[in-house]
Amino acid sequence: MSRLYLLRHAKAKWAEPGSRDYDRALELSGKADADNIAASMLLAGYMPDRVLCSGAKRARETWEAAARHLPVTDVRYMDELYSSDATGYLDIIRSAGGDGSVLVVGHNPMMEDLAMALSCGGEKDALATVAGGFPTCGLAVIRFSTPLSSIAPEDGYLEEFVAPRDL
């Protein structure tokens, strides 16, 4: 069994005039949310083998806050996770996934689209939450019976969805 953890970046500040969207930093509340989500992951036994993180500042800062609870040494920052669509995310996960579990720290709408595309079934509440939108610092936990390197749409089971408001 393999797991894919999809973590949308935490709440970010609005872009300053003249600055790039890519360089937006987290709000203080966003850093606290990322810390809390990661602590809940640890308590639930959700430990990724590797992290694929968007290179955007708000995603990097989300991972930095989460990393205090999740001692993962294989962390890859990828600009492709900032600019790709859900299909691109799936290709990246297949290429880097291997046999273990992966945490992707990325952006919407790709996270929501990917979670829905991969989940042919799941826990009723988790499916309903994702169908209603993927909030900042929301975490989708999708399990597969195959290695992540060979996953395809509708192969997964959405076993849980956690948002900061749930903690």
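Residues numbered from 1 in each chain as written. Predicted model: local features only at pLDDT ≥ 70, side-chain atom pairs only at ≥ 80, totals over all residues. Heavy atoms only, no water.

### Here's the deal with the nonpolar core
- Counting residues in each nonpolar core, the largest one holds 29 residues, and the members touching the most others are L4, L6, L52 and V104.
- At the level of secondary structure, the elements contributing two or more residues to this core comprise β1 (2-8), α4 (86-97), β4 (102-106), α5 (110-118), α6 (124-131), β6 (139-144) and β7 (156-162).
- Residue contributions to this core peak at six residues, all from α4.
- Non-local contacts of L4, meaning those with residues more than four positions away in its chain, are made with I93, V102, V104, L118, A140, V141, I142, F144 and L148.
- Counting 24 residues, the second-largest nonpolar core is a separate cluster that includes A12, V51, A59 and L70. (Core = buried A, V, L, I, M, F, W, Y, C linked by side-chain atoms within 4.5 Å. Buried < 20%, exposed > 50% of the residue type's maximum accessible area, 1.4 Å probe, protein only. Helix = DSSP H or I, 4+ residues; strand = E, 2+ residues; numbered from the N terminus. Contact = heavy atoms within 4.5 Å.)

### Structural notes on the pairing of β4
- Summarising burial for β4: five of the five residues are buried, a large majority.
- Here β4 shows a buried face lined by V102, V104 and G106 and a second buried face lined by L103 and V105.
- The pairing of β1 with β4 spans five bridges and is classified as parallel. In the strand pairing of β4, R8 is matched with G106.
- Two elements, strand β2 (residues 50-54) and β4, share four bridges in a ladder whose sense is parallel. Among the inter-strand pairings, R50 is bridged to a residue of β4, identified as V102. (Pairing = 2+ DSSP bridges.)

### Here's the deal with the pattern of salt bridges
- Taken as a whole and judged by the stated rule, the model has nine salt bridges.
- Here D74 ties to R76 by a salt bridge, and the two come within 3.1 Å at their closest N and O atoms.
- Overlapping salt bridges, with partners in common, bring together R3, R143 and E159 in one network. (Salt bridge = Lys/Arg side-chain N within 4 Å of Asp/Glu carboxyl O.)

### A closer look at the sheet that holds β1
- With mixed pairing, seven strands are arranged side by side in an open sheet as β3-β2-β4-β1-β6-β7-β5. For this open sheet the edge positions go to β3 (74-78) and β5 (119-122), each flanked by a neighbour on one side alone. On average, each strand axis in the sheet is tilted by 25 degrees relative to the strand beside it, whichever way the strands run.
- In terms of strand pairing, β1 meets β6 through six bridges, oriented antiparallel. Bridging across to β6, L7 finds its partner in L139.
- Across the face of the sheet, helix α2 (residues 57-66) comes into contact with β1, β2, β3 and β4 while running at roughly 150 degrees to β2. (Axes fitted to C-alpha atoms, helices over the stretch in contact; angles between N-to-C directions.)

### Overview of the environment of P135
- Structurally, P135 is set in the loop between α6 and β6.
- As a C-alpha pair, P135 and M78 span 57 residues in sequence and 22 Å in three-dimensional space.

### Quick look at the packing of aromatic side chains
- All told, the structure shown has three aromatic pairs when counted by the stated rule.
- Here the aromatic rings of Y22 and Y82 are separated by 5.0 Å at their centres, their planes lie at 85 degrees, and the arrangement is edge-to-face. Of the two residues, Y22 sits in the loop between β1 and α1 (28-44) while Y82 sits in helix α3 (residues 80-83), which places them 60 residues apart along the sequence.
- Geometrically, the ring pair formed by F134 and F161 is edge-to-face, given 4.9 Å between the ring centres and 90 degrees between the ring planes. With F134 in the loop between α6 and β6 and F161 in strand β7, this pair connects stretches of sequence that are 27 residues apart. Both residues of the pair, F134 and F161, belong to the buried class. (Phe/Tyr/Trp six-rings, centres within 6.5 Å; stacked < 30°, edge-to-face > 60°.)

### A look at α2
- Among the ten residues in α2, seven count as buried, and that is most of the element.
- Buried residues of α2: R58, A59, E61, T62, W63, A65 and A66, and no others.
- Taken together, the buried residues of α2 touch β1, α1, β2, β3, α3 and β4.

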